[in-house]
Amino acid sequence: MKDMNNTDKSEFLGKEKIFPLLIKMAAPAAAGMLVQALYNIVDTIFVGRGVGSLAIGALSLVFPIQMIVASIAMALGIGTASIVSRRLGEKRFDDASKAVGTGYTSMLAGTFILTATLVIFMRPILGFFGTTDVLMPLTSEYTKWVSIGFFFFAFSSFASTMARAEGNSKGAMIGMMVGAVLNCMLDPLFIFGFDLGVMGAAIATSISQMVSALYFISIYVRKKNTVKIRPEYFRIDTKILKESVILGIPPFIQNAGMSLLVLIVNNSLGHYGGEEAIVNYGMSNRFMSVLIMPIIGIAQGFQPIAGYNIGAKNYDRVKQSLKTAIITGLSVTMVGYSIAMIFPQACMGLFTSDTAIIESSARVLRIVMVSIPLVAVQFIGISYFQAVGKAKQSMLLGLSRQLLLFLPVLIILPLIIGLDGVWGTFPVADTLSSVLTYILLIVELKKLGRADEERKADMETEKDDYKNIQLQPELRAEA
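A brief report on the enclosed structure follows. (Residues numbered from 1 in each chain as written. Predicted model: local features only at pLDDT ≥ 70, side-chain atom pairs only at ≥ 80, totals over all residues. Heavy atoms only, no water.)

**Considering the overall build of the chain**
Then comes step 1: Looking only at helices and strands, the chain has 17 helices and 0 strands in total.
Then comes step 2: For the chain, whose C-alpha radius of gyration is 24 Å, the value lies close to the compact-globule estimate of 23 Å for 479 residues.
Then comes step 3: Taken along the three principal axes of its C-alpha coordinates, the chain extends 100 × 50 × 35 Å.
Then comes step 4: Here the chain, with 479 residues, has 57% of them falling under the buried criterion.
Then comes step 5: For the chain, the computed accessible surface area is about 20,000 Å², with 67% contributed by carbon and sulfur atoms. (Helix = DSSP H or I, 4+ residues; strand = E, 2+ residues; numbered from the N terminus. Rg over C-alpha atoms; globule rule 2.2 N^0.38 Å. Buried < 20%, exposed > 50% of the residue type's maximum accessible area, 1.4 Å probe, protein only. Areas by Shrake-Rupley, 256 points an atom, 1.4 Å probe, with all protein chains shown as cover.)

The structure is reproduced here in structure tokens:
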């Protein structure tokens with residue numbers, strides 16, 4: 001049922017020109033994601049310079065655990081956002097509000113269970129994630145303090161997705177930037193000023209995540225949101241949750257798969273290269289995130305545009321926005337990609353002054369990033385299928401890069417060429433998964449073309465019927 005008492009503040013998603021609209025939606029999201037990536041780099045720089053290169057390995061080992069927390073929040077957030085965008089396009093405002101309430105309640109419950117499990121079984125879990133005896137003291141200390149902020153981290157991740165779903169990409173950007181900028185300010189204070197080492201880095205992160213969550217809460221308190229939420233909506237509607245989970249499985253697999261990927265890679269690196277290889281991966285992976293995060297931001301900015309216009313049956317507009325998002329993603333990626341490939345030593349020198357580590361990490365960076373520009377196609381393709389409610393295609397693509405294609409290559413290549421086989425797995429998996437995404441998108445574009453032709457034919461039929469009805473009184477009068 002349509003709620004006529006609400007004003008549709010998201011109508012611009014179906015009216016404005018595609019490229020300016022994409023920039024308007026994606027720029028804040030991309031900027032927010034880029035700031036998050038830069039925060040990871042700055043955090044790693046302070047830890048590497050203030051504690052040592054082994055501490056970078058500790059952060060790298062905890063990263064997949066943080067990714068699991070983000071995976072739960074983002075999965076429910078993206079699944080709920082898909083529902084919200086389509087309901088807004090259909091003018092079903094009350095249903096959009098119910099979806100948001102269900103999403104928040106489910107996300108907070110899931111985060112609580114995950115955090116409690118981590119705190120109780122910390123050392124066995126860290127050992128499972130590839131932590132060696134040498135790195136265990138640093139890793140466990142960092143995990144103990146950073147886990148305090150997991151609740152706020154999950155809340156902020158979910159809330160930013162909700163803001164983008166209703167077209168408030170600026171609010172989403174500010175919320176994520178507030179935490180990231182504050183963290184960059186607190187890191188040197190706690191690491192150097194209070195001489196707390198990795199514990200200081202973790203405390204700074206937790207405080208920053210809490211402030212970010214408070215900002216998103218203020219959006220609802222100040223009533224700056226389109227979707228209104230009342231207390232009775234903060235309960236779990238099983239029907240809505242089921243749809244959110246189904247739509248959220250692909251991004252969960254994608255993000256949790258990334259966590260599993262890091263876990264397996266760290267274990268493989270520990271076997272073939274030891275602590276130094278883990279440090280190399282930690283440094284190169286942190287820098288690589290600077291390129292990937294803007295792509296994710298563009299994909300997130302594109303999603304509400306696609307979702308709204310699918311709901312409004314503007315199929316031609318959906319096709320245009322998809323093509324524009326892919327071209328924009330590829331263009332943005334090439335800038336950072338060129339810098340990394342031409343100046344890898346300078347990039348890795350940000351984290352440490354150890355010449356040997358810089359040289360080995362620079363070589364790793366060049367190898368793992370060979371096919372990174374192609375990833376833009378995959379992320380936007382996944383975002384598209386999420387937006388239009390096609391969970392199977394999105395799930396397949398999410399699985400392809402992280403598990404279906406990556407794991408077999410990771411198992412086979414190192415057996416043949418050792419440690420270089422681990423590094424070579426990244427470009428091989430990126431290339432194969434991007435080709436698969438391209439094929440699925442071509443098929444989808446053809447379907448959209450047929451759907452658009454059918455819609456236009458139906459509109460012509462309705463016009464003819466209307467003309468006939470208008471002519472009937474005149475014909476009767478003549479008779």
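**What about the side chain of Ser-140?**
Then comes step 1: Turning to its location among the elements, Ser-140 is positioned in helix H5 (residues 136-146).
Then comes step 2: Separated by 2.9 Å, the side chain of Ser-140 and the backbone oxygen of Met-136 make a polar contact.
Then comes step 3: In this view, Ser-140 contacts Met-122, Arg-123 and Leu-126; residues no more than four positions away in its chain are not counted. (Polar contact = N/O pair within 3.5 Å; in protein donor to acceptor, adjacent residues only side chain to side chain. Contact = heavy atoms within 4.5 Å.)

**Concerning the pattern of salt bridges**
Then comes step 1: Tallying each qualifying case throughout the model produces 7 salt bridges.
Then comes step 2: The shortest N-O distance in the salt bridge between Lys-98 and Asp-94 comes to 3.8 Å. You can see Lys-98 and its partner Asp-94 sitting in helix H3 (residues 93-120), 4 residues apart, about one turn around the helix.
Then comes step 3: By relative accessible area, which is 29% here, Lys-98 ends up partly exposed.
Then comes step 4: In this structure, Lys-390 and Glu-444 form a salt bridge, with 3.0 Å as the shortest nitrogen-oxygen distance. Placement of Lys-390 in the loop between helix H14 (375-387) and helix H15 (391-404) and of Glu-444 in helix H17 (residues 419-478) is noted, with a sequence separation of 54 residues between them.
Then comes step 5: Three or more residues joined by partner-sharing salt bridges are found here, namely Arg-86, Arg-87 and Glu-243. (Salt bridge = Lys/Arg side-chain N within 4 Å of Asp/Glu carboxyl O.)

**Section: the environment of Leu-61**
Then comes step 1: Of note, Leu-61 is situated in helix H2 (residues 53-89).
Then comes step 2: Of the residues examined, Leu-61 reaches a relative accessible area of 0% and is grouped as buried.
Then comes step 3: A C-alpha to C-alpha distance of 9.9 Å links Leu-61 and Ser-259, two positions 198 residues apart in sequence.
Then comes step 4: Apart from residues no more than four positions distant in its own chain, Leu-61 is found in contact with Phe-129, Gly-130, Thr-131, Leu-135, Thr-139, Asn-266 and Ile-278.

**Considering the packing of H14 against H15**
Then comes step 1: Put simply, H14 and H15 touch, their axes get as near as 8 Å, and they point 150° apart. Judged by the inter-axis angle, H14 sits roughly antiparallel to H15. In this structure, H14 meets H15 at a crossing whose hand is left-handed. In contact with Val-375, Gln-378, Phe-379, Gly-381, Ile-382, Phe-385 and Gln-386 of H14, H15 contributes Gln-393, Ser-394, Leu-397, Gly-398, Ser-400 and Arg-401.
Then comes step 2: A breakdown of the residues in the contact of H14 with H15 according to their chemical character gives 5 nonpolar, 7 polar and 1 charged. (Axes fitted to C-alpha atoms, helices over the stretch in contact; angles between N-to-C directions. Parallel < 35°, antiparallel > 145°, perpendicular 65-115°, else oblique. Left-handed = near helix turned anticlockwise from the far one by under 90°. Nonpolar A, V, L, I, M, F, W, Y, C, P; charged D, E, K, R; others polar.)

**Structural notes on the environment of Arg-123**
Then comes step 1: Position of Arg-123 among the secondary structure elements: in helix H4 (residues 122-128).
Then comes step 2: Since its relative accessible area comes to 52%, Arg-123 is described here as exposed.
Then comes step 3: Spatially, the C-alpha atoms of Arg-123 and Gln-300 are 35 Å apart, while their sequence positions differ by 177 residues.
Then comes step 4: Leaving out residues up to four positions away in the same chain, Arg-123 has contacts with Met-136 and Ser-140.

**Concerning empty space enclosed by the protein**
Then comes step 1: Considering all chains together, one arrives at 6 cavities of 30 Å³ or more under this definition.
Then comes step 2: Here the second largest cavity defines a volume of roughly 80 Å³.
Then comes step 3: In terms of lining residues, the second largest cavity is bounded by Met-74, Ile-78, Ala-81, Ser-85, Thr-161, Arg-164, Ala-165, Gln-300, Gln-303 and Pro-304.
Then comes step 4: Among the secondary structure elements, those contributing two or more residues to the lining of the second largest cavity are H2, helix H6 (150-165) and helix H10 (275-311).
Then comes step 5: With 4 residues, the single largest contributor to the lining of the second largest cavity is H2.
Then comes step 6: Taken together, the residues of the lining of the second largest cavity sort by class into 5 nonpolar, 4 polar and 1 charged. (1 Å grid on protein atoms, 1.4 Å probe; cavity = no way out; pocket = protein on both sides within 12 Å on 5 of 7 lines; lining within 4 Å. Points joined across faces, edges and corners; volume = space filled by probe spheres on them.)

**A short note on unusual backbone geometry**
Then comes step 1: Located in the positive-phi region is Asp-195, a residue other than glycine, with phi close to 55°.
Then comes step 2: Counting through the fold element by element, Asp-195 comes out in the loop between helix H7 (169-193) and helix H8 (197-221).
Then comes step 3: In this structure Asp-195 comes out as exposed when scored by relative accessible area, which is 64%.

Function-wise, these values are silent; they only describe arrangement.
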